[in-house]
Amino acid sequence: MTQIISPVKGTRDFYPEDMAIRNWIYGKMREVSQLFGYVEFDGPFLERIDLYAAKSGEELVKEQAFVFPDRGGDLITLRPELTPSLARMIAEKQKQLVFPQRWWSFGPFWRYERPQKGRTREFFQWNVDMLGSDTPESDAELIAVCATFFKKVGLSPDQVMIFINSRELMDSVLKKLEIQPDLKMAVFRLIDRKDKLSFQQWQEFALSLGLTQNQFEGLKVVLNDKNLWMESKDLALIMEILERMDLGNYVTFDPQIIRGLDYYTGVVFEARDMDREGRAILGGGHYGNLVGDVGGELLPGVGFAMGDVMLRFVLEKYNCLPEFDNTSAKVLVTVFDATLYPDSLVIANILRNAEIPTILVSENQKLQKQFKYADRIGVPIVLVLGPEEKNNNIVTVKNLKTRQQENVLFENLVTSIKDQLA
RNA sequence: GUGCCUGUAGCUCAACGGCAGAGCGCUUCACUGUGGAUGAAGAGGUUGAGGGUUCGAAACCGUCCAGGCACCCCA
């Protein structure tokens, strides 16, 4: 074999069996999106780097974007996330849109990172956003969309869980502990890393930030308080709504959920595998003003993004994926020999005209091989048209699944096959 | 960007520094108008690449390439 050019690092080849999975996932996303009344949209895959400079944060732009100059010298980037494009699209039509808008999208994104479990450089994301609403009810709706999706694909609350928190609640907690406002982001980071460090390391990190021993002890107590959410009116209402929707078992309060993106101002949430394997399956939250930085007027909203890589990982782990056929064909028409090829061609045409997906054998092979081929690619019905059949105006129809074989008159062929496929 | 692990037949993997193997798959036959079962035979390899150490390297050493995992950050 001559040398194969290696694929770009962090990309994936979608063989037909992978494409079947991707399309199945896409179908479930569409189904759930539409069930809640959301409409599909998409932005460009290429954007100016400036779009992301505004809000996405230094790291994402400098370290993680695929950037290249176009022929005019402008810096173009493969989109690393959808939200800034969404914000621009909304801002451009803000005056003519009726709010709230419920939008969803599924498409490719790129981030220049080292690939690992649940993370590639090229990935797909399901984005769902409600724009122009500022209520806990709308936050609850987005979380309900996530939970409904899990339910639809067969993931149970034993397997995946949505963890929610509120940045407002955490703000008030920090205030009560008299932690200086300029330490806020650093403390959020500290909270985020609690599980990644040993207790010793975590404590040292905390004190090195400038927290007093008292503040540190107070933080510890708060993070262990499973009922802290009751102090937040919004979280309490969201939990109540999800209970009423019979989705409450998918949702748990977790004071350690903070989320990295700066534009979240209210409720934040993410979903994880219950074994804590891999990364978050989805992440989202409430933003106080999405479009301000791209020139629009104040517009709050709530949304989330789900990556296809972790999702596929958990779907495979918990056996949620159905079996997919290796072929789209339902019938294979054999060719007895070269002289009978025109007759087989006629049969194949009749079937295709009747909307039955049909493969006509294109190689000059023994019947045995043709049957074996049909079996290997998973075609359920095989037709044989030999000299005997031709003389009697019949076709031999063999069902490989039931192993039954029968002779069918020409004129009954389509209905007979449709019966078998039903 | 930092660290760790891996690379052997189409696939999954064995082989103490001493003849490169197994299972599955593939091809052919038993079965010349019928797949999936069974039996028999067969094909398939520059051990990721190119160097070094050694009487001798798939194995040991360093370089490169590719992949995986963790950190960072995030879906």
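Residues numbered from 1 in each chain as written. Chains lettered and ligands numbered in written order. Predicted model: local features only at pLDDT ≥ 70, side-chain atom pairs only at ≥ 80, totals over all residues. Heavy atoms only, no water.

Colleague: I'm lost on the overall build of chain A in this one. Help?
Modeller: Tallying secondary structure elements over chain A gives 15 helices and 16 strands in all. If one aligns the C-alpha atoms of chain A with their principal axes, the spans along those axes are about 95 × 55 × 50 Å. Per-residue burial for chain A yields a buried fraction of 48% across its 422 residues. Of the contacts formed within chain A by residues at least 6 apart in sequence, a portion of 67% connects residues at least 24 apart. About 22200 Å² of surface is accessible on chain A, with carbon and sulfur atoms providing 50% of the total. Each charge sign in chain A was given a centre, from 50 positive and 59 negative side chains, and these centres are 3 Å apart. (Helix = DSSP H or I, 4+ residues; strand = E, 2+ residues; numbered from the N terminus. Buried < 20%, exposed > 50% of the residue type's maximum accessible area, 1.4 Å probe, protein only. Contact = heavy atoms within 4.5 Å. Areas by Shrake-Rupley, 256 points an atom, 1.4 Å probe, with all protein chains shown as cover. Lys, Arg positive; Asp, Glu negative; His and termini not counted. Charge placed at Lys NZ, Arg CZ, Asp CG, Glu CD.)

Colleague: It is not clear to me how the protein's contact with RNA strand B should be interpreted in this structure. Could you clarify?
Modeller: The local shell around RNA strand B holds 44 residues, among which R111, R189, R259, R279 and R376 are the closest. When atoms of RNA strand B within 4 Å of the protein are split into backbone and base, the sugar-phosphate part holds 48%. The separation between a sugar or linking oxygen of RNA strand B and a polar main-chain atom of A280 is 2.9 Å. Those elements that provide at least two residues to the surface near RNA strand B are strand 6 (122-131), strand 11 (301-307), helix 13 (367-377), helix 14 (387-392) and strand 15 (394-399). No other element matches helix 13, which puts 7 residues into the surface near RNA strand B. Taken together, the residues that form the surface near RNA strand B break down as 12 nonpolar, 11 polar and 21 charged. (Near = heavy atom within 4 Å. Polar contact = N/O pair within 3.5 Å; in protein donor to acceptor, adjacent residues only side chain to side chain. Nonpolar A, V, L, I, M, F, W, Y, C, P; charged D, E, K, R; others polar.)

Colleague: Quick question: what am I supposed to make of the packing of aromatic side chains here?
Modeller: Given two aromatic rings, one states the distance between the centres and the angle between the planes to describe the pair. A complete count under the given rule lists 15 aromatic pairs for this structure. A centroid spacing of 6.0 Å and a plane angle of 55° characterise the contact between F45 and W110, whose relative ring orientation is tilted. Placement of the pair is F45 in the loop between strand 1 (39-40) and strand 2 (46-48) and W110 in strand 5 (residues 101-110), with a sequence separation of 65 residues. Classification of W110 as buried rests on a relative accessible area of 12%. Considering the side-chain rings of F66 and Y112, the 5.1 Å spacing of their centres and the 70° angle between planes classify their relative orientation as edge-to-face. A residue pair is termed long-range when its members are at least 10 positions apart, and F66 in strand 3 (residues 66-69) and Y112 in the loop between strand 5 and strand 6 qualify at 46 residues. Owing to a relative accessible area of 43%, Y112 belongs among the partly exposed residues under this scheme. (Phe/Tyr/Trp six-rings, centres within 6.5 Å; stacked < 30°, edge-to-face > 60°.)

Colleague: Explanation requested: the layout of surface pockets in the structure shown.
Modeller: Take a probe with the size of a water molecule and roll it over the atoms, and the empty space left behind shows itself. Roughly 170 Å³ of volume is contained in the second largest pocket. What lines the second largest pocket is F163, K194, L223, N224, D225, K226, T252, F253, D254, P255 and Q256. Across the lining of the second largest pocket, the residue classes break down as 4 nonpolar, 3 polar and 4 charged. (1 Å grid on protein atoms, 1.4 Å probe; cavity = no way out; pocket = protein on both sides within 12 Å on 5 of 7 lines; lining within 4 Å. Points joined across faces, edges and corners; volume = space filled by probe spheres on them.)

Colleague: What is the right way to look at the domain arrangement of chain A in this model?
Modeller: How large an interface is tends to be reported as the accessible area lost when its parts come together. Per the domain assignment, the segments of chain A are domain 1 (16-317) and domain 2 (331-421). Computed over C-alpha atoms, the centres of domain 1 and domain 2 are 53 Å apart. (Domains from an automatic or database assignment.)

Colleague: For this particular structure, what's the right way to read the environment of F371?
Modeller: By secondary structure assignment, the location of F371 is in helix 13. Along the backbone, F371 and V384 are 13 residues apart, and their C-alpha atoms lie at a distance of 9.7 Å. The residues contacting F371, other than those within four sequence positions of it, are T334, V382, V384, K398 and L400.

Colleague: Can you walk me through the nonpolar core in this structure?
Modeller: Counting residues in each nonpolar core, the largest one holds 71 residues, and the members touching the most others are W126, F150, I162, F269, F304 and M306. Among the elements that line this core, the one with the most residues is helix 5 (residues 136-153), at 10 residues. Once residues lying within four places of it in the same chain are set aside, the contact partners of F150 are L155, V160, I162, Y250, A271, I281, L282 and M306. By size, the runner-up hydrophobic cluster in this structure holds 24 residues, among which are I347, A348, I381 and L413. (Core = buried A, V, L, I, M, F, W, Y, C linked by side-chain atoms within 4.5 Å.)

Colleague: Before we go on, may I ask you to explain the pairing of strand 11 in this structure?
Modeller: For a regular strand, the rule is simple: side chains alternate between the two faces of the sheet. With 7 of its 7 residues buried, strand 11 lies for the most part within the structure. Where burial is concerned, the two faces of strand 11 agree: the one with G301, G303, A305 and G307 and the one with V302, F304 and M306 are both buried. Pairing analysis gives 7 bridges linking strand 6 to strand 11, with the strands arranged antiparallel. Counterpart to N127 in the pairing with strand 11 is A305. Note: strand 10 (residues 282-287) against strand 11, 6 bridges, orientation antiparallel. Opposite G283, over in strand 11, you have A305 as the bridge partner. (Pairing = 2+ DSSP bridges.)

Colleague: Would you mind showing me how to read the packing of helix 1 (residues 16-35) against helix 11 (residues 308-317) here?
Modeller: Packed helices, taken two at a time, are described by their axes: the angle between them and the distance between them. Two elements in contact, helix 1 and helix 11, have axes separated by 12 Å at closest approach and are oriented at 100°. Comparing their axes, helix 11 and helix 1 come out roughly perpendicular. Here helix 1 contributes D18, I21, W24, I25 and M29 to the contact with helix 11, which in turn contributes L311, R312, L315 and E316. Tallied by class, the residues present in the contact of helix 1 with helix 11 amount to 6 nonpolar, no polar and 3 charged. (Axes fitted to C-alpha atoms, helices over the stretch in contact; angles between N-to-C directions. Parallel < 35°, antiparallel > 145°, perpendicular 65-115°, else oblique.)

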